[in-house]
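Remarks on the overall topology
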Amino acid sequence: MSRVEKADAFAGKRVLVTGGSRGIGRAIVLAFAQRGAEVAFCYRSDHAAAKEVKQAGADFGARVDSFQTDVTDAAAVAALVEQVQGKRGAIDVLVNNAGSFPATKVIDMTPAEWDAVVRTNLYSVFYCCQAALPGMIAAGGGAIINIASIAGQRGSARHAHYAAAKGGVLAFTRSLAREVIEHNIRVNAVSPGRIATELLVNEQTAHEFARWMADTPARRLGAPEEVAEAVLFLASPASSYIVGETIAVNGGLLME
């Protein structure tokens, strides 16, 4: 996979990233900003982190806007897309990244915990795609990249709700890709493995880290920027014949 290097590779493109204030989402926002895109991102509650991302984007000379949004609320998502399109026009690239990763055994999981995680990781993808698609269709095309997870491919103990949701993201990606390619809209997914973000590091113990290194052929955690590079590729013309696929960024943890 070639890197998308040119500083103006996405000049004039309008990009919306969900969950863009930290971790993988932050890296994706700044990767597009560095390459000339007009980027909007939403976040749940961390105003300070959102402000920092906006400033980092401005340091690249990019226009970056932030919106506090509950992506588990269909009406809130519709309002977000309307605001973004009202400011900038139709969205060219949608990156569904928002997610949560709490640890709970199935035997202890409450229906409310299950529902909250599935809504954050799966329902949000449906809501955002449904809201953005009319504008993309009217504009004659676009790209949607959904951030899945290795958990959705192989399962994850104590994260069954998250794994189920991410498995749903992978199936949704393939299904939507079949529906909208006739409108020149390409839908693909990126499936990260163990990436050095706050979500994962909070789960880490010395024992866990040793186990992770033992069963990851690359013998390290991935960087958020490495996931962002895969997203850039799928959003670029270099991937114009890639439809309904998943790029794994996992250091060899899952080889198929």
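Residues numbered from 1 in each chain as written. Predicted model: local features only at pLDDT ≥ 70, side-chain atom pairs only at ≥ 80, totals over all residues. Heavy atoms only, no water.

Regarding the confidence of the model for the chain
In plain terms, the rule: By definition, pLDDT measures how confident the predictor is in each residue, and it falls between 0 and 100. For helices the rule is a DSSP run of H or I covering at least 4 residues; for strands it is a run of E covering at least 2, with both sets numbered from the N terminus onward.
Averaged over every residue, the pLDDT of the chain is 94; the share at 70 or more is 95%. Here helix 7 (residues 198–201) stands out as the least confident element of the chain, with mean pLDDT 67; strand 4 (residues 93–96) is the most confident, with 99.

With respect to the nonpolar core
Filter applied, for reference: What we call a nonpolar core is a set of buried Ala, Val, Leu, Ile, Met, Phe, Trp, Tyr and Cys residues that are connected through their side-chain atoms within 4.5 Å. Note on classification: 1.4 Å probe, protein chains only; a residue is buried when its accessible area is under 20% of the maximum for its type, exposed when over 50%, partly exposed between these limits.
Ranked by internal contacts, the top residues of the largest apolar core, which has 38 residues, are I28, F32, I145 and V190. Sorting the residues of this core by element identifies strand 1 (14–17), helix 1 (23–34), strand 2 (38–43), helix 2 (47–59), strand 4, strand 5 (142–147), helix 9 (224–235) and strand 7 (246–249) as the ones contributing at least two each. Of all hydrophobic cores here, the second largest spans 29 residues; its members include A40, V84, A177 and V187.

Brief notes about the environment of R35
Note the threshold: Under this definition, polar contacts are N or O atom pairs within 3.5 Å; protein pairs additionally need one hydrogen-donor-capable and one acceptor-capable atom, and for neighbouring residues in sequence, both atoms have to be side-chain atoms.
Structurally, the position occupied by R35 is in the loop between helix 1 and strand 2. Taking the C-alpha atoms as reference points, R35 and A62, 27 residues apart in sequence, are found 8.6 Å from one another. In this structure the side chain of R35 is engaged in a polar contact, spanning 3.2 Å, whose partner is the side chain of E229.

Examining the packing of helix 4 (residues 111–139) against helix 6 (residues 160–180)
The following threshold applies: Angles shown run from 0 to 180 degrees and are taken between the N-to-C directions of axes, each axis being a line fitted to C-alpha atoms and, for helices, limited to the stretch in contact. Each angle receives one of four descriptions, namely roughly parallel if under 35 degrees, roughly antiparallel if over 145, roughly perpendicular if within 65 to 115, and oblique otherwise. If you view the pair so one helix is near and one far, a crossing is left-handed when the near helix is turned anticlockwise from the far one by less than a right angle, and right-handed when it is turned clockwise. Working rule for contacts: check all heavy atoms of both residues, and any pair within 4.5 Å makes them a contact. Residues were grouped as follows: Ala, Val, Leu, Ile, Met, Phe, Trp, Tyr, Cys and Pro as nonpolar; Asp, Glu, Lys and Arg as charged; and all remaining residues, including Gly, as polar.
Close contact between helix 4 and helix 6 brings their axes to 8 Å; oriented N to C, the two are set at 15 degrees. Of the possible angle classes, the one that applies to helix 4 and helix 6 is roughly parallel. Of the two elements, helix 4 crosses helix 6, and the hand of that crossing is right-handed. Here helix 4 contributes E113, W114, V117, V118, N121, L122, V125, F126, C129 and L133 to the contact with helix 6, which in turn contributes A160, H161, Y162, A164, A165, K166, G168, V169, F172, L176 and V180. Partitioning the contact of helix 4 with helix 6 into residue classes produces 16 nonpolar, 3 polar and 2 charged.

Some points on the pattern of salt bridges
The cut-off we apply is this: By salt bridge we mean one thing: a side-chain nitrogen of Lys or Arg within 4 Å of a carboxyl oxygen of Asp or Glu.
Taken as a whole and assessed by the stated rule, the structure comprises 9 salt bridges. In this structure, E52 and R26 form a salt bridge, with 2.8 Å as the shortest nitrogen-oxygen distance. A residue pair is termed long-range when its members are at least 10 positions apart, and E52 in helix 2 and R26 in helix 1 qualify at 26 residues. The salt bridge partner of R35 is E229, with a shortest N-O separation of 3.2 Å. Here R35 is found in the loop between helix 1 and strand 2, whereas its partner E229 is found in helix 9, with 194 residues between them in sequence. Taking the relative accessible area as the measure of exposure, R35 reaches 7% and is therefore buried. When salt bridges that share partners are traced, they join E38, R63, D65 and R88 into one network.

Observations concerning helix 1
Owing to its 3.6 residues per turn, the α-helix brings residues three or four apart onto one side. Filter applied, for reference: One fewer than the residue count of a helix, multiplied by 1.5 Å, yields its expected span.
With 12 residues, helix 1 should reach 16 Å at 1.5 Å per residue; the first-to-last C-alpha distance of 17 Å fits that figure. In terms of residue burial, helix 1 counts as a mostly covered element, since 9 of its 12 residues are buried. Residues of helix 1 that are buried: I24, G25, A27, I28, V29, L30, A31, F32 and A33. Looking one or two residues past helix 1, G36 carries a phi angle of roughly 95 degrees, positive in sign.

Some thoughts on unusual backbone geometry
Phi angles above zero are rare outside glycine, and N184 is one such case at about 65 degrees. In this structure, N184 sits in the loop between helix 6 and strand 6 (185–192).

Observations regarding the side chain of R194
Within the fold, R194 resides in the loop between strand 6 and helix 7. Judged by relative accessible area, which is 13%, R194 ranks as buried. At 2.6 Å, the side chain of R194 forms a polar contact with the side chain of D215.

Describing the environment of S45
With respect to the helices and strands, the residue S45 is situated in the loop between strand 2 and helix 2. On the accessibility criterion, S45 (45% relative accessible area) is partly exposed. As for S45 and Q68, which are separated by 23 residues in sequence, their C-alpha atoms are 6.7 Å apart.

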